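The chain contents come next:
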Amino acid sequence: LHVFDSGVSSTYLWDLEHDANFAACVLFRKDAMGISRDARGEGRWDALHVFEVKGGSKGSAVYKLTSTIMLSILTPDAGKMHVAGMITRQSEREEVAGSARQHVINMGKQLEELEIQMRHALVHVYFGKLAEVFSHLRNFESGSGEVKQQHGALQASLAAALSA
């Protein structure tokens, strides 16, 4: 268990059935307070990374990584909005691994690369789509009375869907 700033991480390792095979789980939780413009929003980043490591060809190991990231952001008060998303990805590679130290290095690099890819996907998919929806809603503001009624109904259904 490692505690840092406003987060915590844990790492677990265990043996698998065959002599040289093992598994590992790396967990990260990062809480963020004061993320909105008025410094009252909050958010959470939970990341779960599970490795299966098997002996490969001479002097190497095959690292299979399954990662899940769960992101949650809550804004306060009148403009209250809760946005949450989850993404899961897998990565597999064979690397030279002659020692426990080399296993840690290989796993760390693979984990970091996959988490960066996943973070970019979360930003582009979730936040890009959210910005598109808000932009669309803003365009309704300047419309006629009927358009404003449609806007209100759409806004209510989106709020219900986001809070469900």
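Here, the structure is the one placed above.
Everything numeric here is computed off the predicted structure, so don't read it as measured data.

Visitor: What should I look at first to understand the pattern of salt bridges in this one?
Guide: When charged atoms on two side chains of opposite charge get close, those side chains can pair. Across all of its chains, the model carries 5 salt bridges by this definition. Measuring nitrogen to oxygen at the nearest pair gives 2.6 Å for the salt bridge that ties R29 to D46. Highlighted residues: R29 in strand β3 (residues 22-33) and D46 in strand β4 (residues 42-55), separated in sequence by 17 residues. Of the residues examined, R29 reaches a relative accessible area of 34% and is grouped as partly exposed. Note that R44 and D31 form a salt bridge whose closest N and O atoms lie 2.7 Å from each other. Placement of R44 in strand β4 and of D31 in strand β3 is noted, with a sequence separation of 13 residues between them. Relative accessible area serves as the criterion here: at 26%, D31 is assigned to the partly exposed category.

Visitor: What is the right way to look at the nonpolar core in this model?
Guide: A general trend in soluble globular proteins is that nonpolar side chains are found buried together. Ranked by size, the top nonpolar core spans 20 residues in total, and within it F51, V53, I69 and M107 carry the most contacts. The set of elements that each furnish at least two residues to this core consists of β3, β4, β5 (60-75) and α1 (100-140). Looking at this core, the element that brings in the most residues is α1, giving 6 residues. What M107 contacts, discounting residues up to four positions off in sequence, is F22, A24, F51, V53 and Y63.

Parameters at a glance
Residues numbered from 1 in each chain as written. Predicted model: local features only at pLDDT ≥ 70, side-chain atom pairs only at ≥ 80, totals over all residues. Heavy atoms only, no water. Salt bridge = Lys/Arg side-chain N within 4 Å of Asp/Glu carboxyl O. Helix = DSSP H or I, 4+ residues; strand = E, 2+ residues; numbered from the N terminus. Buried < 20%, exposed > 50% of the residue type's maximum accessible area, 1.4 Å probe, protein only. Core = buried A, V, L, I, M, F, W, Y, C linked by side-chain atoms within 4.5 Å. Contact = heavy atoms within 4.5 Å.

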